[in-house]
Amino acid sequence: MKNQPKELETPYYLCEEELLENNLKILDRVQKESGVKVILALKGFAMWSTFELVSKYLQGCTASGLYEAKLAREEFCKFNPHAEVHTYSPAFKESEIEEIASISDHIVFNSPNQLKKFLCKVKEINPKIDISLRVNPEVSSSPVDIYNPCGLYSRLGTTLENMDEESLKQVDGLNFHALCEQDVDALEAVLESFEEKFAQYLPNLKYVNFGGGHHITKKGYNVDGVIWIIKEFKKKYNNIDVYLEPGEAVGWETGYLVSSVLDTFKNGMNIAILDTSAEAHMPDTLAMPYRAEVRGAGEAGEKKYTYRLGGNTCLAGDIMGDYSFDKPLKVGDTLIFEDQIHYTFVKNTTFNGIKLPSLAIKRRDGTVELIREFGYEDYKNRLS
Ligand SMILES: *Cc1c(COP(=O)(O)O)cnc(C)c1O
């Protein structure tokens, strides 16, 4: 835990370019061998200073609304003018639809209502835009409810029962998104249901978007399996275009969050307070929840010295968990939370006025570049 660049003050996220490129190469292999187009879901990973690299491999971005679409247009398409911007929102707003239409290549509606409401305007502004509808295949094995787009009473996507034939005549494609951190077996189950319900409409369509949640870059993922499934699907449906739009799989294990110990003491057990926060900087650890790995640390009791690691906010539950170490923790020690590049800084808050972690990139040649530092202004400007 030495070699920390002097100019970098904790807390900071460090994304390693080489690891990111390794992921992009795996995704590119899937593209080349299956014919699928892979686009980046900005919701999970939006470190736009890496987009020069990302745009060498991926075909565009998927945006969840106006701001992400603007970011894709400004920071991704400048490196690849052919890159595509796909914009989906659970519901578009009247005040934003014109700008969204003007900067999107594909627009994905969540319901026939929204499609009917905005279709004419969108086509008038951008006659070349492709229109899609998100459908709900009503099958999902997503591990937790908060990340299950096809759960009971889901608002995400239109079920077959709520479909109307008129809307389907207007669309160029269909989208579904039903997975979360899953392998090929889960995709197969979703596809089976999708085809059972919606295959009847495919002969008239240009494409189907299989959404995100494919854990393609995780060790052990069945990459050959997904390639096979996509090829078979394309063969079956007259070489229809297929998209995947992963977020997590792009940023997966490409870097970490580096923090420092600010204080240690005892209250029934050892406690350490860090200059970061589970609530503000690693929100999924509390929302999902899951335990982030700490480099060099074990489970509670596994090594000699166990500590409860806590954040620097006043939220009682701002706790990363109990971890054990070979040596007692000291003020100033560096602690590294692994795999903190996806769904972290895209969700961060300035809760309690604590500093947002800086963003840094480790280049291929080993140099570490500080990309962005945040300060008091970032906190103040969100309030008034
Ligand atoms: C979140 C989301 C994605 C990306 O999901 P990952 O799990 O990060 O791959 C793709 N498409 C839609 C519609 C989403 O909501």
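Computed from a predicted model, the values in this text were never measured in an experiment.

Things to note about the side chain of His 281
Next, step 1: Topologically, His 281 is positioned in helix α10 (residues 278-281).
Next, step 2: Look at His 281 and you get buried, because its relative accessible area is 0%.
Next, step 3: With sequence-adjacent residues up to four places away left out, His 281 is seen in contact with Tyr 13, Leu 257, Thr 276, Thr 344, Asn 348, Ile 354, Lys 355, Leu 356 and Pro 357.

Remarks on the environment of Gly 255
Next, step 1: Among the secondary structure elements, Gly 255 is positioned in strand β11 (residues 255-266).
Next, step 2: Among the residues examined, Gly 255 registers a relative accessible area of 3% and is labelled buried.
Next, step 3: Residues Gly 255 and Pro 90 lie 165 residues apart in sequence; the distance between their C-alpha atoms is 31 Å.
Next, step 4: The contacts of Gly 255, once residues within four sequence positions are left out, are Leu 14, Cys 15, Glu 338, Asp 339, Gln 340 and Ile 341.

Topic: the domain arrangement of the protein chain
Many authors give the size of an interface as the accessible area that is lost as the parts come together.
Next, step 1: For the protein chain, the domain assignment lists domain 1 (35-251) and domain 2 (255-340 + 348-380).
Next, step 2: In this structure, domain 1 and domain 2 have C-alpha centres spaced 34 Å apart.
Next, step 3: Counting residues at the interface gives 10 residues for domain 1 and 8 residues for domain 2.
Next, step 4: Interface of domain 1 and domain 2: buried area, both sides summed, is about 630 Å²; carbon and sulfur atoms make up 64% of it.
Next, step 5: Looking only at domain 1, the three residues that lose the most surface to domain 2 are Met 47, Ser 49 and Tyr 147, adding up to 59% of its buried area.
Next, step 6: Put simply, domain 1 and domain 2 have 0 salt bridges between them.

A few points about the UniProt feature "domain: Orn/DAP/Arg decarboxylase 2 C-terminal" (unreviewed entry) in the protein chain
Next, step 1: The sites that UniProt annotates as "domain: Orn/DAP/Arg decarboxylase 2 C-terminal" (unreviewed entry) are residues 190-339.
Next, step 2: The annotated region residues 190-339 carries 24% helix and 29% strand content, and the separation between its end C-alpha atoms amounts to 28 Å.

Some remarks on the packing of helix α7 (residues 184-198) against helix α8 (residues 223-236)
Next, step 1: Running from N to C, α7 and α8 point in directions that differ by 15°, and their axes come no closer than 10 Å. Compared by their axis directions, α7 and α8 come out roughly parallel. The interaxial crossing formed by α7 with α8 has right-handed handedness. When α7 is examined against α8, the residues Val 184, Leu 187, Glu 188, Leu 191, Phe 194 and Glu 195 are found in contact with a partner set consisting of Gly 225, Val 226, Ile 229, Phe 233 and Lys 236.

Observations regarding the site of the ligand
Next, step 1: Taken together, Ala 41, Lys 43, Arg 134, His 177, Gly 212, Gly 213, Glu 245, Pro 246, Gly 247, Glu 248 and Tyr 343 make up all the residues around the ligand.
Next, step 2: Residue Glu 245 places a side-chain N or O atom 2.7 Å away from a nitrogen atom belonging to the ligand.
Next, step 3: With respect to the ligand, the side chain of Tyr 343 contributes an N or O atom lying 2.6 Å from an oxygen atom.
Next, step 4: In the complex, the protein chains occlude 88% of the 390 Å² of accessible area that the ligand would expose alone.
Next, step 5: Looking at the shell around the ligand, its residues break down into 3 nonpolar, 4 polar and 4 charged.

Rules of the game
- Residues numbered from 1 in each chain as written.
- Predicted model: local features only at pLDDT ≥ 70, side-chain atom pairs only at ≥ 80, totals over all residues.
- Heavy atoms only, no water.
- Helix = DSSP H or I, 4+ residues; strand = E, 2+ residues; numbered from the N terminus.
- Buried < 20%, exposed > 50% of the residue type's maximum accessible area, 1.4 Å probe, protein only.
- Contact = heavy atoms within 4.5 Å.
- Domains from an automatic or database assignment.
- Buried area = accessible area lost by both parts, 1.4 Å probe.
- Salt bridge = Lys/Arg side-chain N within 4 Å of Asp/Glu carboxyl O.
- UniProt positions renumbered as here; feature names shortened; annotations may be inferred.
- Axes fitted to C-alpha atoms, helices over the stretch in contact; angles between N-to-C directions.
- Parallel < 35°, antiparallel > 145°, perpendicular 65-115°, else oblique.
- Left-handed = near helix turned anticlockwise from the far one by under 90°.
- Near = heavy atom within 4 Å.
- Polar contact = N/O pair within 3.5 Å; in protein donor to acceptor, adjacent residues only side chain to side chain.
- Areas by Shrake-Rupley, 256 points an atom, 1.4 Å probe, with all protein chains shown as cover.
- Nonpolar A, V, L, I, M, F, W, Y, C, P; charged D, E, K, R; others polar.

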